[in-house]
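Each chain is listed here by its residues.
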Amino acid sequence: MQQAYRILVINPGSTSTKIGVFEEETCIFEKTIRHKTEEVAGFSRIIEQFEFRKQVILDELDKEGINISKLSAVCGRGGLLRPIEGGTYEVNDAMLEDLKAGYNGEHASNLGGIIANEIAQGLNIPAFIVDPVVVDELQEIARVSGVPEIPRKSIFHALNQKAVARRAASDLRQTYKESRLIVTHMGGGITVGAHKNGRVVDVNNGLHGDGPFSPERAGTVPAGDLVAMCFSGQYYRDEIMKKLVGKGGLMAYLDSNDAVEIEKRLEHGDKKAALIYDAMAYQIAKEIGSMSTVLEGKVDAIVLTGGLAYGKGFVEQISERVKWIADILVYPGENELEALNAGTLRVLRQEELPKQYPNFTE
């Protein structure tokens, strides 16, 4: 009898690293490792956090008595690579080079494939990523921005969006490939995708492009005023980028990216917090309305997911504005660990072949 597959999955976020160990489909260990602000603030670039985060993961597994020599594979969250189709990819040298260079930008998810590869190499087992944030299935019309030199990009929470979309389609007694859904991931970043027949044909670039502001990202801002700020002589480039990613959104207005803390402020009558939190819900609803036009008003359901979906009042504010479009399905939290495991299992079971990240320099 074949031994059950045991898989370690790693999902680095901006302020935490989520890890899980699965025995086939069953999660036998799960942990969210929180990183204090001062711990990560000392690193000027995210890639510099690699050794620190890897060691924290190994220490946590050791503390819990998890024998890593029994692992069959390691899977990390995909990072800001070059645009590729969805699927499960083997970690290779070309991928590692782009992740380390931050080819498409700086983000904690870049560490996923690097840490997975490092741990897997020591055990002589394969390392994978699944549905990275750069999954690109945009229809061509969605790429046109208004400035030819700056096409719109597909950078979003592909892993969770696609996993939740499949779940929603199943609950609607449809297949993912026959459904038309608007999926909204609401976490540290917020992305709203139009899922049409199994493809995300339009989505806002939630990293530092467009769409609603979020707990730590600025989203769409007035372009002319941003240009003026860039050339004012008051800021370095890195300072501007921090305003857009990391210190934008709720952080900029309320000096916090913690939704639970901010909701407590609301309970105590903080009017500024109420205005800003309401504005975030307002912008999310606007983006959902925009995506309904992409699907020509034929929407099977609007799906709300991510950590902010735990906030009942926040979800109600969004729902009140968009419920006329379609029914609202709410799946709080994330399914990313399960999705990483499922993608890896499909390859280990030979249900599908692992994809190879191209060497774009050849």
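This text goes with the structure placed above it.
Parameters at a glance
Residues numbered from 1 in each chain as written. Predicted model: local features only at pLDDT ≥ 70, side-chain atom pairs only at ≥ 80, totals over all residues. Heavy atoms only, no water. Core = buried A, V, L, I, M, F, W, Y, C linked by side-chain atoms within 4.5 Å. Buried < 20%, exposed > 50% of the residue type's maximum accessible area, 1.4 Å probe, protein only. Helix = DSSP H or I, 4+ residues; strand = E, 2+ residues; numbered from the N terminus. Contact = heavy atoms within 4.5 Å. Pairing = 2+ DSSP bridges. Right-handed = clockwise from strand over helix to strand, strands pointing away. Phe/Tyr/Trp six-rings, centres within 6.5 Å; stacked < 30°, edge-to-face > 60°. Axes fitted to C-alpha atoms, helices over the stretch in contact; angles between N-to-C directions. Polar contact = N/O pair within 3.5 Å; in protein donor to acceptor, adjacent residues only side chain to side chain. Expected span 1.5 Å × (residues − 1).

Draft legend 1. View of the nonpolar core. In terms of nonpolar packing, the biggest core is built from 39 residues, with Leu8, Ile10, Ile57, Leu61, Val74 and Met95 touching the most fellow members. Mapped by element, the contributors of at least two residues to this core are β1 (6-12), β2 (16-23), β3 (26-34), α2 (50-63), α3 (93-101), α4 (110-123) and β6 (127-130). A total of six residues in this core trace back to one element, the largest contributor, which is α4. If sequence neighbours within four positions are ignored, Met95 has contacts with Leu81, Tyr89, Glu90, Ile129 and Tyr357. Core analysis: the second largest hydrophobic core is formed by 33 residues, Tyr277, Ile288, Phe314 and Ile318 among them.

Draft legend 2. Here's a closer look at the environment of Ala163. Relative to the elements of secondary structure, Ala163 occurs in helix α5 (residues 158-171). Distance from Ala163 to Glu296, taken between C-alpha atoms, is 23 Å for residues 133 residues apart in sequence. Look past the residues within four positions of Ala163 in its chain and what remains in contact with it is Asn335 and Ala339.

Draft legend 3. Structural detail: the pairing of strand β10 (residues 301-306). The buried fraction of β10 is high, at six of six residues. The alternating pattern of β10 places Ala301, Val303 and Thr305 on one face and Ile302, Leu304 and Gly306 on the opposite face, and all of these are buried. Summarising the sheet, strand β7 (residues 180-186) and β10 pair through five bridges and their orientation is parallel. When the bridges of β10 are listed, His185 appears paired with Thr305. Where β10 lies against strand β11 (residues 328-332), five bridges are found, and the strand directions are parallel. Paired with Leu304 across the bridge in β11 is Val330. Remark: the β10/helix α11 (residues 312-322)/β11 crossover connection has right-handed handedness.

Draft legend 4. Structural detail: the packing of aromatic side chains. Counted by the stated rule, this structure contains three aromatic pairs. Both rings, one in Phe43 and one in Phe52, keep their centres 5.9 Å apart while their planes meet at 35°; by these two values the pair is tilted. For Phe43, a relative accessible area of 26% translates into the label partly exposed. A relative accessible area of 22% means that Phe52 is categorised as partly exposed.

Draft legend 5. Highlighting the sheet that holds β3. Pairing within the open sheet is mixed, and its seven strands lie in the order β3-β2-β1-β4-β6-β5-β12. Both edges of this open sheet fall to β3 and β12 (355-356), since each of them pairs with a single strand only. Summarising the sheet, β2 and β3 pair through eight bridges and their orientation is antiparallel. Pairing of Thr17 across the sheet is with Ile33, part of β3. The strands touched by helix α12 (residues 336-348) are β1, β2, β3, β4 (73-77), β5 (88-90) and β6; relative to β1, the strand with the most contacts, the crossing angle is about 140°.

Draft legend 6. Looking closely at the pairing of β2. Of all eight residues in β2, six are buried, a share of seventy percent or more. Bridge count between β1 and β2: seven bridges; the pairing is antiparallel. Bridging across to β2, Pro12 finds its partner in Thr17. Linkage of β1 to β2, two consecutive antiparallel strands, is achieved through a turn of three residues.

Draft legend 7. Summary view of the sheet that holds strand β8 (residues 190-196). Ordered in space as β9-β8-β7-β10-β11, the five strands form an open sheet in which the pairing is mixed. Each end of this open sheet is capped by a strand with a single partner; those strands are β9 (199-203) and β11. Going from strand to strand, the sheet's axes swing by 25° on average, the running direction of each strand aside.

Draft legend 8. Expanded view of the environment of Ser154. Of note, Ser154 is situated in the loop between β6 and α5. For Ser154, a relative accessible area of 5% gives the class buried. If sequence neighbours within four positions are ignored, Ser154 has contacts with Val133, Val134, Val135, Asp136, Glu137, Leu138 and Val203. At 2.6 Å, the side chain of Ser154 forms a polar contact with the backbone oxygen of Val135.

Draft legend 9. Spotlight on helix α10 (residues 271-294). With 24 residues, α10 extends 35 Å between its outermost C-alpha atoms, agreeing within 8% with the 34 Å of an ideal straight helix rising 1.5 Å per residue. Buried within α10 we find Ala273, Ile276, Tyr277, Met280, Ala281, Ile284, Ala285, Glu287, Ile288, Met291, Ser292 and Val294. Where α10 begins, the capping side chain belongs to Asp270, and its oxygen is found 3.1 Å from the backbone nitrogen of Lys272.

Function-wise, these values are silent; they only describe arrangement.
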